[in-house]
Amino acid sequence: MFARIEVAVRPDLLDSPAQGILRRIELANPALRRKLRWARMLDIYWIDILVTREELIPAMGEVCWDPVLQWMFTGNLMPSAAGKTGGLQDLMQLAPFRPGSFWGIERRFRPGVTDNRGRTLLEAFEIVLGKKLPQARAASGGLFLLEGTELDDEILANLAREVFCNELIETWTVVPEDGLKKNDRFHQERIKYDLPKVLGGGAIRSFSPSSSSLFPDSSFGRPETLVLDSLSDSQLEDLSQRKLWALSLLEMKAVRDHFSSPEEKGKRQGLGLTDPTDVEMEVIAQTWSEHCKHKIFNAKISYRGAKNNGNSYEPAIPSEINGLFKSTISGTTAELPKPWLISVFDDNAGICALDEEDAFCIKVETHNSPSALDPYGGALTGIVGVNRDILGCGYGAKPIFNTNVFCVAPPDYSQDLPDRLLHPRRILDGVRRGVEHGGNQSGIPTVNGALVFDNRYLGKPLVYCGTGGLMPRKIQNERCEVKKVDVGDRIYMVGGRIGKDGIHGATFSSLALDESSPLSAVQLGDPLTQKRAADFLLEARDLGLYRAITDNGAGGLSSSVGEMALLSGGASIDVILAKTKYSGLKPFELVISESQERMTVAVPPEKQHDFLALAERRAVEVSDLGEFTNTGRFEIAYAGQIVASLDLQFLHGGVPRLELKAEWKSPPAGVTSVGSVAIENTPESLRSFELLAADILLGLMSRPNIASKEWLIRQYDHEVQGMSVVKPLHTAFAGTPSSWSGPNDAGVVKPKPFSDIGLAVGCGINPKLSDIDPFIMAQSAVDEAVRNVLCVGAEFGQRESVLALVDNFCWPDPVGDPLKCGWLVRACYGLRDAALALSAPLVSGKDSMKNDFRGKRNGQPISISVPPTLLMTAVARVADIKFARTADFKTVGDWIYLLGPSELGLLGSEFLDLHSDFSEIPLRVGTPLWNVARRLYSWIGGTQGKQQNKLKSLHDVSDGGVLVAVAECLLARGWGATLTLPPERNAWELAWGEGFHTFIASLSDEEGVGVEAEWRELGIPFIRLGKVEPHDRFEVLLEGSPSDRSLLRLPIQKLRSAWLKEGYWE
Amino acid sequence: MIVQKPRVLVLTGDGINCEIETAQAFRMARFDTDIRHLNDLIHEGVRLDDLSKNYAVLALPGGFSFGDDLTSGKVLALKLVHRLGWDLSTFAARGGLVIGICNGFQALIRMGIFGSDVSITHNHHGKFLNTWVKVTPTGGRCVWLKGLGTVDLPIRHGEGRIMIASGRRAEAFDKMERLGVTCLRYEGNPNGSEDRLAGLCDVTGRIFGLMPHPEAFVRWTSHPEWTSQSARASAPGQGLAVFENAFLEANAK
């Protein structure tokens, strides 16, 4: 029977979900919020279960209703479940304003969208009714019930669109008061209508592999063939565009030539194939997509640099580059042979040795395009997707931590939005929830991250999701990194089912976002299904039930099976055997769908029985799709009929090489680096410094890029798995009313219960510098990532020190744009320069090259490109977690030092963003001094942590400069400090400048003298700035005679509230 | 002579995700532990008698069983009741001990272990919250908390607000107080919980559930302030005492 179930929080209790929506309305539209006087949020369920009324009614009560907290309305099924009428009227009568003006907005998922609560609801009914319910259906939705003044259909429609729903995945209906009071929504026919149904393209039939006739309609499942031979160049381009293949003309021609070669024709004839089928074209398009093949990073590039006009650091970059990946990424790692590197660049993640027994792996992905359309789903699938990279890395690893970095426009963006773009506040809220659900529900701690704000991320937000994993170095007597497949091994798809979600994800992300971007590119994640699959697969790994594993990400089966086929020399699958969410999927859709939560494994035939038995016991669905072969071809059938047969060599090696032009014009105004020549402090510039310093510091503390992210961090579980050592925040007086938290530089976890070895993970990202020179930007990102892990106790500089880097480029499209390509070249060489200088190999990376938006704003065309953005992630070993460190000053009386060369410049600084018209002193940029850096970093991270332990705190000087960094070390305990700046250094640059290799450190009074002597002896530059004081003021003086001059004096409390920026975020 | 250590059954499956660190905490308290998937126990038909015979302790770890869909811990509770059919009160009466941590605690509440007048719902601020709290045992009924003073522990939940049936609030609460069910309270109130309640036990004091995570503070280096007290870097964390109490109790039997 059909039922509709409405569950409300009891009217006398706080309705937190409704309050949450009201808060979101307030942020998005304060005027509308003022019109709303009362709101409740109801969960709605629609079910269709073939059992009797007598069975269903008690089960409904048990599954859906908590009498202490809730009222439940079911039409006339359970009249006694609430107050008098057993309907919404009971709730409405208790609203504080009567007679009120009531409205409802009901939302439900579009057909085919992942509905996790609906799925769980059915499982719950199966548990309670004690039987499988294969034919049953269930869906979940919500009803936002509100009361207010001056509301109408249009206002509520806007509310639905702007706050309550994402129309890509949900539909909504506004229900006026009289509709709410009626009971017709409980009628059987109405529920039948309300339950979402997927209507397939043409043939909607339910068939099961066991039924005798798979094809009631014999044309269904027969592939379309595409005659390419007769097409002109422009027709080939049109076809590629129309089909969303994202193949260039050159590539289309290569495909045409391949299929028309006599040799290939001969091979295909025997299989009954002629021209390429749509399945084949789709597989090629996926495999050759920028997303999968990194054509830009492999392109031949001719680079033309600028004449050196005044810029003092011009690097040597060749004019002919034989692939940036080879020259600057893998080539760099090849020059840094480390005994602990196990597998780099040829798996889903980089694998490094942690110790003799265990290895760790690391991968960072981007999920920008999906997150632009549906921030929640995009970020959620981003995080669970990169988790699968780890599960599918080597023999299979266990995810042990997540990282996430978001780049978005500032939440207070107030100009008109271009069509189809979401407001940055919505983006931020959505991606936050996505990572929260993806990470928290999977039981993986989020240990590190960053938020970067720039108006140019309006067109495409950047969502970086990273995961680290752990696995034994030997599994089943095989090295953990070995991927092996034997001919005859069965091909199993494990986990989720296939639907239309995420079709063309890989090719879509290889195109610019525009108004016509496809809806099917959006996916929602199901963390529970993935958690079950992950638990099952790790268990199967330890039992030796599979031989090789990979994930289904971009390109779906076409990529996972297509790539694994290389290991045995071929594969043959029948996609009708794949479990699907609904019927009616075409063969090509089955092959390229990016539906989530799926892994592909090779199961030796003799292990099949045990593999299937374990899967059944773990309630994990698996599909036997076919077998690995050595035919040299990737064969795909649909119900026994061949629909694709692709030559593996052509598929993986046939993509024509891209040739690009790159050009660099000198930076804006002939940038000079800070160097060792100080700009003199003139009396006028000191006076204006003194006048403005307090406001500047408070302004910087509350810049979105600097201000506290505690509101975000605490919504992520950063401690699950019990390995936490250094958290994203340090906290003083935890659990008391005076509890206060400040920022740490990186996270540290203790991955093994019986070893004190730790892993530090940190990041560096500095897109502001791209506007000056992407070469420096990349150097800075590497340096910052390394400094961050050094701060928390990473080892450095010894032969055995483990420090691995991961690069993630997010670029505006460099194809056909020599300037953007020039930026890319410079960033790659900057990255290479820094990695070599710090002897830190790159182990994994990913690039996203189409971060542009083209659309309309107020009817006018507009295009927005992200600033060239490189995220560097550093993962390093901490020899002994007992010597890990945090950033906070620990004790009154400790000395505060500026440690490092401190050649800090105002160009590219947060200060200059705040005061763009600043002209007191010339603007210069900080540049690296790698020799000094190596000495300093080796001192900090050397000798197994013994020397490290002398530093009581360490914090890097980055966004905002020295005074912001010192303030951040003071916030948690609330103590004060008095700093004295040396008069020979320019106060502006020293206070607000940003640059390389510089830290704020603290030492106890006893250690101070001895450590200073060590630094002098080693040639490590430092300035003793002052002391942690027992008062609650932050004071900055300029050393002078007869007395010091006061430049700044601020109560810590003021710095705290500026930094918290309460009310701004959510 | 080989003395057999008492054993703990740690449940896993369906989205439970703290089973490994929970088992580790019990091991540090000298227990033997088995981490078992719910479906295996159902499949093998493990009955209450088997449970009592083989295990001194049953642990329901934290996690997101069934994705917290249909309210936290709900479907896990239904599965325990309908598919395993274990009567935990009988298990406790026979000398067994039960702990439910975070999601495990939510499931114990949904099973009615602490009476039908108590429930648990969204934090009053509506957000998931990971922070450290101070909690203090009250009442002295709970064997898991014997001898404990105020301890620091992390909380990591979106639904930790303990609620008492509003219609019968006063008498229901008085009864719980009288029976010693209200056994653990926060300093301050991080989630709006009734009377600052962080944990509850049954009338025997042997079935204990709490929102904070004692298994996440078994070494001092987990504490958010440990770097300020680096001399304690090798010390055990304050959560370990909970598991050690269980060991003393299991051995006293």
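Everything below is about the structure printed above this text.
Cut-offs used in this document
- Residues numbered from 1 in each chain as written.
- Chains lettered and ligands numbered in written order.
- Predicted model: local features only at pLDDT ≥ 70, side-chain atom pairs only at ≥ 80, totals over all residues.
- Helix = DSSP H or I, 4+ residues; strand = E, 2+ residues; numbered from the N terminus.
- Rg over C-alpha atoms; globule rule 2.2 N^0.38 Å.
- Buried ≥ 20, exposed ≤ 12 C-beta atoms within 10 Å, placed from the backbone.
- Contact = placed C-beta atoms within 7 Å.
- Nonpolar A, V, L, I, M, F, W, Y, C, P; charged D, E, K, R; others polar.
- Axes fitted to C-alpha atoms, helices over the stretch in contact; angles between N-to-C directions.
- Left-handed = near helix turned anticlockwise from the far one by under 90°.
- Core = buried A, V, L, I, M, F, W, Y, C linked by C-beta atoms within 7 Å.
- Pairing = 2+ DSSP bridges.
- Expected span 1.5 Å × (residues − 1).

A. Structural view of the overall build of chain A. The number of helices and strands found in chain A is 34 helices and 44 strands. Taken against the 2.2 N^0.38 rule, which gives 31 Å for 1066 residues, the C-alpha radius of gyration of chain A at 30 Å falls within 12% of a compact globule. Sorting the 1066 residues of chain A into buried and exposed places 57% on the buried side. In chain A, once contacts between residues fewer than 6 apart in sequence are set aside, the share between residues at least 24 apart is 82%.

B. Focus on the overall build of chain B. Looking only at helices and strands, chain B features eight helices and eleven strands. Against the globule reference of 18 Å for 253 residues, chain B gives a C-alpha radius of gyration of 17 Å, in line with a compact fold. Its C-alpha atoms give chain B principal-axis dimensions of roughly 50 × 50 × 35 Å. In chain B, which comprises 253 residues, the proportion classed as buried is 61%. Long-range contacts, defined as pairs at least 24 residues apart, comprise 75% of the intrachain contacts of chain B with a sequence gap of at least 6.

C. Inspection of the interface of chain A and chain B at higher detail. Taken together, the contacts link 59 residues of chain A with 55 residues of chain B. Broken down by secondary-structure element, the contributors of at least two residues to the side of chain A that touches chain B are α1 (16–28), α3 (53–64), α5 (116–129), α18 (424–442), α20 (527–542), β26 (724–726) and β27 (729–732) of chain A. Taken together, the residues of the side of chain A that touches chain B break down into 23 nonpolar, 19 polar and 17 charged.

D. Unusual backbone geometry, seen in detail. Residue Pro1042(A) is reached from Ser1041(A) by a cis peptide bond, and omega for that bond is 5°. If you trace the backbone, Pro1042(A) turns up in the loop between β43 (1033–1038) and β44 (1045–1051). Of note in the backbone geometry, Asp68(B) takes a positive phi value of approximately 60° without being a glycine. You can see Asp68(B) is positioned in the loop between β3 (57–60) and α4 (74–84).

E. Main features of the packing of helix α27 (residues 774–791) of chain A against helix α28 (residues 818–837) of chain A. Residue and element names in this part refer to chain A. Interaxial distance between α27 and α28 falls to 7 Å at its minimum, and their mutual angle equals 35°. Note on packing geometry: the crossing formed by α27 with α28 is right-handed. Note on element contacts: α28 touches α27 through Trp823, Arg826, Ala827, Tyr829, Gly830, Leu831, Asp833, Ala834 and Ala835, opposite Pro774, Phe775, Ile776, Met777, Ala778, Gln779, Val782 and Asp783. Here the residues of the contact of α27 with α28 are counted per class, giving twelve nonpolar, two polar and three charged.

F. Representation of the environment of Asn788(A) within the structure. All names here are of chain A. Along the polypeptide, Asn788 turns up in helix α27. Spatially, the C-alpha atoms of Asn788 and Leu1003 are 19 Å apart, while their sequence positions differ by 215 residues. Beyond its immediate chain neighbours, meaning those up to four positions away, Asn788 contacts Asp745, Ala746, Gly762, Cys763, Gly764, Ala874 and Asp956.

G. Just the nonpolar core, in detail. Core analysis: the largest hydrophobic core is formed by 262 residues, its most contacted members being Val782(A), Leu805(A), Val825(A) and Val966(A). One finds Trp46(A), Met92(A), Leu88(B) and Ile164(B) within the second-largest nonpolar core, a separate group that totals 132 residues.

H. Expanded view of the sheet that holds strand β6 (residues 170–176) of chain A. All names here are of chain A. The antiparallel open sheet is built from six strands, whose spatial order is β3-β1-β2-β5-β4-β6. Here the strands that pair on one side only, and so sit at the sheet edges, are β3 (70–73) and β6. Strand-to-strand twist of the sheet, defined as the mean angle between neighbouring strand axes without regard to direction, takes the value 25°.

I. Looking closely at the pairing of strand β5 (residues 137–148) of chain A. All names here are of chain A. For β5, a buried count of eleven out of twelve residues is recorded, marking the element as mostly surrounded by other parts of the structure. In this sheet, β5 lies alongside strand β2 (residues 36–48) in antiparallel orientation, the contact comprising twelve bridges. Residue pairing for β5: Ile47 is matched across the bridge by Ala138. Relative to β5, strand β4 (residues 102–109) is paired through seven bridges, and the arrangement is antiparallel. Paired with Gly104 across the strands is Leu145, a residue of β5.

J. Summary view of α20(A). All names here are of chain A. For α20, with 16 residues, the first-to-last C-alpha span of 22 Å sits near the 22 Å given by 1.5 Å per residue. Most of α20 is tucked away: 13 of the 16 residues are buried. Positive phi appears at Gly544, one or two residues downstream of α20, with a value of about 70°.

K. Summary view of the sheet that holds strand β30 (residues 758–765) of chain A. Residue and element names in this part refer to chain A. On the basis of which strands lie adjacent, the open sheet formed by six strands has the order β26-β29-β30-β35-β31-β32 and mixed pairing. On the outer flanks of this sheet lie β26 and β32 (842–848), each paired with one strand and no other. Along the sheet, successive strands turn relative to each other by an average axial angle of 20°, direction set aside. As paired elements, β30 and strand β35 (residues 869–878) share eight bridges and run antiparallel to each other. Bridge pairing in β35 links Ile765 to Leu871.

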